[in-house]
Amino acid sequence: MDVFEAIKGRRSIRRFTTDPVDDAKIEAILEAGRWAPSWANTQCWRFVVVRDPEIRSQLAKTLYSIKLPDREVPNPAAPAFDTAPVVIVVCAETGKAGAEHGAPGKYATDKGDWFMFDTALAVENMVLAAHALGLGTVIIGAFDAPKTEQILNVPQGFRAVAMFPVGVPAREGKAPPRKELSELVIRDRW
Ligand SMILES: Cc1cc2nc3c(=O)[nH]c(=O)nc-3n(C[C@H](O)[C@H](O)[C@H](O)COP(=O)(O)O)c2cc1C
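Treat the numbers as computed from the prediction; the structure is a model and nothing was measured. (Residues numbered from 1 in each chain as written. Predicted model: local features only at pLDDT ≥ 70, side-chain atom pairs only at ≥ 80, totals over all residues. Heavy atoms only, no water.)

Asker: Looking at this model, I keep getting lost on the environment of Asn41. Mind explaining?
Answerer: Relative to the elements of secondary structure, Asn41 occurs in the loop between α2 (23–34) and β1 (45–50). Using a relative accessible area of 53% as the deciding quantity, one classes Asn41 as exposed. As a C-alpha pair, Asn41 and Lys96 span 55 residues in sequence and 9.9 Å in three-dimensional space. (Helix = DSSP H or I, 4+ residues; strand = E, 2+ residues; numbered from the N terminus. Buried < 20%, exposed > 50% of the residue type's maximum accessible area, 1.4 Å probe, protein only.)

Asker: Just checking my understanding: could you explain the side chain of Glu93 for this structure?
Answerer: Within the secondary structure, Glu93 is located in strand β4 (residues 86–93). Side chain to side chain, Glu93 and Lys96 meet in a polar contact 3.0 Å long. If we ignore the near neighbours within four places in the chain, the residues touching Glu93 are Cys44, Arg46, Phe115, Gly157 and Phe158. (Polar contact = N/O pair within 3.5 Å; in protein donor to acceptor, adjacent residues only side chain to side chain. Contact = heavy atoms within 4.5 Å.)

Asker: In this structure, what is going on with the sheet that holds strand β8 (residues 158–167)? I would like to understand it.
Answerer: To summarise the sheet geometry, strands pair through backbone hydrogen bonds and adopt either a parallel or an antiparallel arrangement. A sheet is described by the order of its strands in space; here four strands give the open sequence β1-β4-β8-β7, paired in antiparallel fashion. Two strands in the sheet have a free side with no partner beyond their single neighbour: β1 and β7 (136–137). Where β1 lies against β4, six bridges are found, and the strand directions are antiparallel. Along β4, the bridge assignment pairs Phe47 with Val90. Of the strands in this sheet, β1, β4 and β8 touch helix α6 (residues 145–152), which is tilted by about 80° from β8. (Pairing = 2+ DSSP bridges. Axes fitted to C-alpha atoms, helices over the stretch in contact; angles between N-to-C directions.)

Asker: Is there a simple way to explain the site of the ligand in this structure?
Answerer: Around the ligand, the surrounding shell holds 14 residues, and the nearest of these are Arg11, Ser12, Arg14, Asn75 and Arg178. Arg14 is positioned with one of its side-chain polar atoms (N or O) 2.8 Å from an oxygen atom of the ligand. Here an oxygen atom of the ligand and a backbone polar atom of Ala142 are 3.2 Å apart. Protein chains bury 65% of the 620 Å² of accessible surface belonging to the ligand in isolation. Of the residues assigned to the shell around the ligand, the class counts are seven nonpolar, three polar and four charged. (Near = heavy atom within 4 Å. Areas by Shrake-Rupley, 256 points an atom, 1.4 Å probe, with all protein chains shown as cover. Nonpolar A, V, L, I, M, F, W, Y, C, P; charged D, E, K, R; others polar.)

Note that every value here comes from positions in space, so none of it alone points to a role or purpose.
If you want it as C-alpha coordinates, here you go:
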(Lines give C-alpha, C1' and ligand atoms only; values in the text may rest on other atoms or scores of the structure.)
Protein backbone atom coordinates (compact mmCIF):
# COMPACT_ATOMS: atom_id res chain seq x y z
CA MET A 1 0.00 0.00 0.00
CA ASP A 2 1.27 3.45 -0.95
CA VAL A 3 2.20 5.60 2.08
CA PHE A 4 -0.26 8.39 1.20
CA GLU A 5 -3.04 5.84 0.77
CA ALA A 6 -2.20 4.36 4.19
CA ILE A 7 -2.12 7.77 5.88
CA LYS A 8 -5.42 8.89 4.41
CA GLY A 9 -7.21 5.55 4.61
CA ARG A 10 -6.37 4.65 8.23
CA ARG A 11 -9.31 5.18 10.57
CA SER A 12 -9.86 4.62 14.26
CA ILE A 13 -11.64 1.27 14.45
CA ARG A 14 -13.60 0.61 17.65
CA ARG A 15 -15.49 -2.55 16.71
CA PHE A 16 -13.81 -5.78 15.71
CA THR A 17 -14.81 -9.28 14.64
CA THR A 18 -13.68 -12.24 16.72
CA ASP A 19 -11.29 -13.32 13.93
CA PRO A 20 -7.78 -14.13 15.17
CA VAL A 21 -4.70 -12.11 14.22
CA ASP A 22 -1.61 -14.23 13.64
CA ASP A 23 1.76 -13.57 15.26
CA ALA A 24 3.42 -12.82 11.90
CA LYS A 25 1.16 -9.79 11.46
CA ILE A 26 1.79 -8.59 15.02
CA GLU A 27 5.55 -8.97 14.44
CA ALA A 28 5.27 -6.90 11.25
CA ILE A 29 3.43 -4.17 13.20
CA LEU A 30 6.07 -4.20 15.96
CA GLU A 31 8.82 -4.06 13.32
CA ALA A 32 7.25 -0.87 11.93
CA GLY A 33 7.36 0.62 15.44
CA ARG A 34 10.98 -0.41 15.90
CA TRP A 35 12.04 1.60 12.85
CA ALA A 36 10.52 4.89 13.99
CA PRO A 37 12.88 7.84 14.39
CA SER A 38 13.73 8.96 17.92
CA TRP A 39 15.74 11.54 19.83
CA ALA A 40 19.44 10.69 19.26
CA ASN A 41 18.18 7.20 18.34
CA THR A 42 17.42 6.57 22.03
CA GLN A 43 14.39 4.34 21.20
CA CYS A 44 12.79 4.85 24.60
CA TRP A 45 9.68 2.84 23.63
CA ARG A 46 8.73 -0.64 24.78
CA PHE A 47 5.78 -2.58 23.36
CA VAL A 48 3.73 -4.84 25.64
CA VAL A 49 1.75 -7.27 23.48
CA VAL A 50 -1.27 -8.52 25.40
CA ARG A 51 -3.12 -11.58 24.13
CA ASP A 52 -4.23 -12.98 27.52
CA PRO A 53 -8.02 -12.42 27.71
CA GLU A 54 -7.91 -11.86 31.47
CA ILE A 55 -5.28 -9.10 31.17
CA ARG A 56 -7.18 -7.58 28.22
CA SER A 57 -10.30 -7.34 30.32
CA GLN A 58 -8.32 -5.72 33.15
CA LEU A 59 -6.98 -3.17 30.64
CA ALA A 60 -10.52 -2.44 29.45
CA LYS A 61 -11.36 -1.39 33.01
CA THR A 62 -8.60 1.26 33.00
CA LEU A 63 -10.31 3.31 30.27
CA TYR A 64 -11.48 6.72 31.39
CA SER A 65 -14.94 7.88 30.45
CA ILE A 66 -15.16 11.10 28.44
CA LYS A 67 -16.46 14.25 30.10
CA LEU A 68 -18.67 16.27 27.74
CA PRO A 69 -19.96 19.74 28.73
CA ASP A 70 -23.34 18.32 29.81
CA ARG A 71 -22.67 14.64 30.62
CA GLU A 72 -20.14 11.86 30.89
CA VAL A 73 -20.01 9.03 28.33
CA PRO A 74 -18.06 5.77 28.32
CA ASN A 75 -14.79 5.84 26.39
CA PRO A 76 -15.87 5.15 22.79
CA ALA A 77 -12.99 2.69 22.41
CA ALA A 78 -14.41 0.42 25.16
CA PRO A 79 -16.30 -1.95 22.77
CA ALA A 80 -13.00 -2.79 21.06
CA PHE A 81 -11.99 -4.78 24.14
CA ASP A 82 -14.94 -7.17 23.75
CA THR A 83 -13.50 -8.78 20.64
CA ALA A 84 -10.06 -7.50 19.56
CA PRO A 85 -7.66 -10.42 20.12
CA VAL A 86 -4.58 -8.28 20.81
CA VAL A 87 -3.89 -5.06 22.69
CA ILE A 88 -0.50 -3.38 22.36
CA VAL A 89 0.43 -1.11 25.26
CA VAL A 90 3.17 1.31 24.34
CA CYS A 91 5.42 2.24 27.24
CA ALA A 92 8.44 4.51 27.39
CA GLU A 93 11.58 4.78 29.45
CA THR A 94 11.67 8.31 30.83
CA GLY A 95 14.78 10.51 31.09
CA LYS A 96 16.26 9.42 27.75
CA ALA A 97 14.46 11.22 24.91
CA GLY A 98 15.40 14.89 24.88
CA ALA A 99 18.29 14.35 27.28
CA GLU A 100 21.66 15.94 26.73
CA HIS A 101 24.11 13.51 25.24
CA GLY A 102 25.45 11.26 27.99
CA ALA A 103 23.44 13.04 30.68
CA PRO A 104 20.16 11.17 31.25
CA GLY A 105 17.63 13.36 33.06
CA LYS A 106 19.37 16.62 32.00
CA TYR A 107 17.40 17.93 29.09
CA ALA A 108 18.70 19.71 26.00
CA THR A 109 15.58 21.79 25.31
CA ASP A 110 12.95 23.73 27.22
CA LYS A 111 10.51 20.92 26.49
CA GLY A 112 12.18 18.46 28.84
CA ASP A 113 11.49 14.79 28.23
CA TRP A 114 10.48 13.99 24.65
CA PHE A 115 9.18 10.49 25.49
CA MET A 116 5.59 11.30 24.49
CA PHE A 117 6.80 12.57 21.12
CA ASP A 118 9.02 9.59 20.36
CA THR A 119 6.45 7.01 21.41
CA ALA A 120 3.86 8.78 19.25
CA LEU A 121 6.11 8.32 16.23
CA ALA A 122 6.35 4.59 16.94
CA VAL A 123 2.59 4.37 17.50
CA GLU A 124 1.81 6.08 14.21
CA ASN A 125 4.17 3.73 12.36
CA MET A 126 2.42 0.76 13.96
CA VAL A 127 -1.17 1.84 13.31
CA LEU A 128 -0.30 2.61 9.69
CA ALA A 129 1.38 -0.78 9.32
CA ALA A 130 -1.68 -2.49 10.83
CA HIS A 131 -3.92 -0.67 8.37
CA ALA A 132 -1.69 -1.70 5.46
CA LEU A 133 -2.11 -5.31 6.63
CA GLY A 134 -5.91 -4.98 6.59
CA LEU A 135 -6.20 -4.70 10.38
CA GLY A 136 -7.88 -2.05 12.49
CA THR A 137 -6.64 -0.12 15.52
CA VAL A 138 -7.67 2.75 17.74
CA ILE A 139 -5.10 4.75 19.68
CA ILE A 140 -6.22 5.15 23.30
CA GLY A 141 -4.84 7.87 25.53
CA ALA A 142 -7.70 8.28 27.99
CA PHE A 143 -6.84 5.54 30.46
CA ASP A 144 -5.48 5.21 33.97
CA ALA A 145 -1.74 4.86 33.27
CA PRO A 146 -0.59 4.09 36.85
CA LYS A 147 -3.24 1.32 37.06
CA THR A 148 -2.11 -0.06 33.70
CA GLU A 149 1.52 -0.02 34.83
CA GLN A 150 0.48 -2.03 37.89
CA ILE A 151 -1.47 -4.58 35.82
CA LEU A 152 1.43 -5.08 33.40
CA ASN A 153 4.25 -4.98 35.97
CA VAL A 154 5.86 -2.02 34.21
CA PRO A 155 9.16 -1.36 36.01
CA GLN A 156 10.12 1.94 37.63
CA GLY A 157 11.51 4.46 35.18
CA PHE A 158 8.98 3.50 32.52
CA ARG A 159 5.51 4.95 31.81
CA ALA A 160 2.52 3.53 29.96
CA VAL A 161 1.82 6.13 27.26
CA ALA A 162 -0.86 4.73 24.97
CA MET A 163 -2.53 1.48 24.02
CA PHE A 164 -4.20 0.22 20.91
CA PRO A 165 -6.31 -2.87 20.27
CA VAL A 166 -5.55 -4.72 17.02
CA GLY A 167 -8.08 -6.83 15.17
CA VAL A 168 -10.11 -7.40 12.06
CA PRO A 169 -12.45 -4.42 11.60
CA ALA A 170 -16.14 -5.29 11.98
CA ARG A 171 -17.01 -2.30 9.85
CA GLU A 172 -15.33 0.58 8.09
CA GLY A 173 -14.50 3.68 10.10
CA LYS A 174 -15.95 7.06 9.16
CA ALA A 175 -13.45 9.86 8.63
CA PRO A 176 -13.96 12.82 10.96
CA PRO A 177 -13.32 16.02 9.00
CA ARG A 178 -9.90 17.66 9.02
CA LYS A 179 -9.07 21.35 9.10
CA GLU A 180 -8.16 22.80 5.75
CA LEU A 181 -4.48 23.45 5.07
CA SER A 182 -5.34 27.14 4.85
CA GLU A 183 -6.13 26.98 8.59
CA LEU A 184 -3.02 25.03 9.47
CA VAL A 185 -0.19 26.35 7.40
CA ILE A 186 1.75 29.54 7.99
CA ARG A 187 4.16 30.54 5.29
CA ASP A 188 7.43 32.25 6.10
CA ARG A 189 6.26 33.97 9.29
CA TRP A 190 3.23 33.60 11.61
C1 LIG B 1 -3.23 10.67 21.62
C2 LIG B 1 -4.56 10.11 21.21
C3 LIG B 1 -5.43 9.64 22.18
C4 LIG B 1 -6.67 9.09 21.80
N5 LIG B 1 -7.49 8.58 22.76
C6 LIG B 1 -8.65 7.99 22.40
C7 LIG B 1 -9.47 7.38 23.38
O8 LIG B 1 -9.16 7.36 24.58
N9 LIG B 1 -10.62 6.80 22.97
C10 LIG B 1 -11.00 6.77 21.65
O11 LIG B 1 -12.04 6.23 21.34
N12 LIG B 1 -10.23 7.35 20.69
C13 LIG B 1 -9.07 7.95 21.03
N14 LIG B 1 -8.26 8.51 20.06
C15 LIG B 1 -8.66 8.43 18.64
C16 LIG B 1 -9.11 9.80 18.10
O17 LIG B 1 -10.39 10.10 18.61
C18 LIG B 1 -9.12 9.76 16.56
O19 LIG B 1 -7.81 9.53 16.10
C20 LIG B 1 -9.64 11.06 15.93
O21 LIG B 1 -10.99 11.27 16.25
C22 LIG B 1 -9.51 11.05 14.39
O23 LIG B 1 -10.18 9.93 13.83
P24 LIG B 1 -9.38 8.91 12.90
O25 LIG B 1 -8.33 8.25 13.75
O26 LIG B 1 -10.40 7.90 12.41
O27 LIG B 1 -8.77 9.66 11.77
C28 LIG B 1 -7.03 9.05 20.42
C29 LIG B 1 -6.13 9.51 19.45
C30 LIG B 1 -4.90 10.02 19.83
C31 LIG B 1 -3.94 10.48 18.76
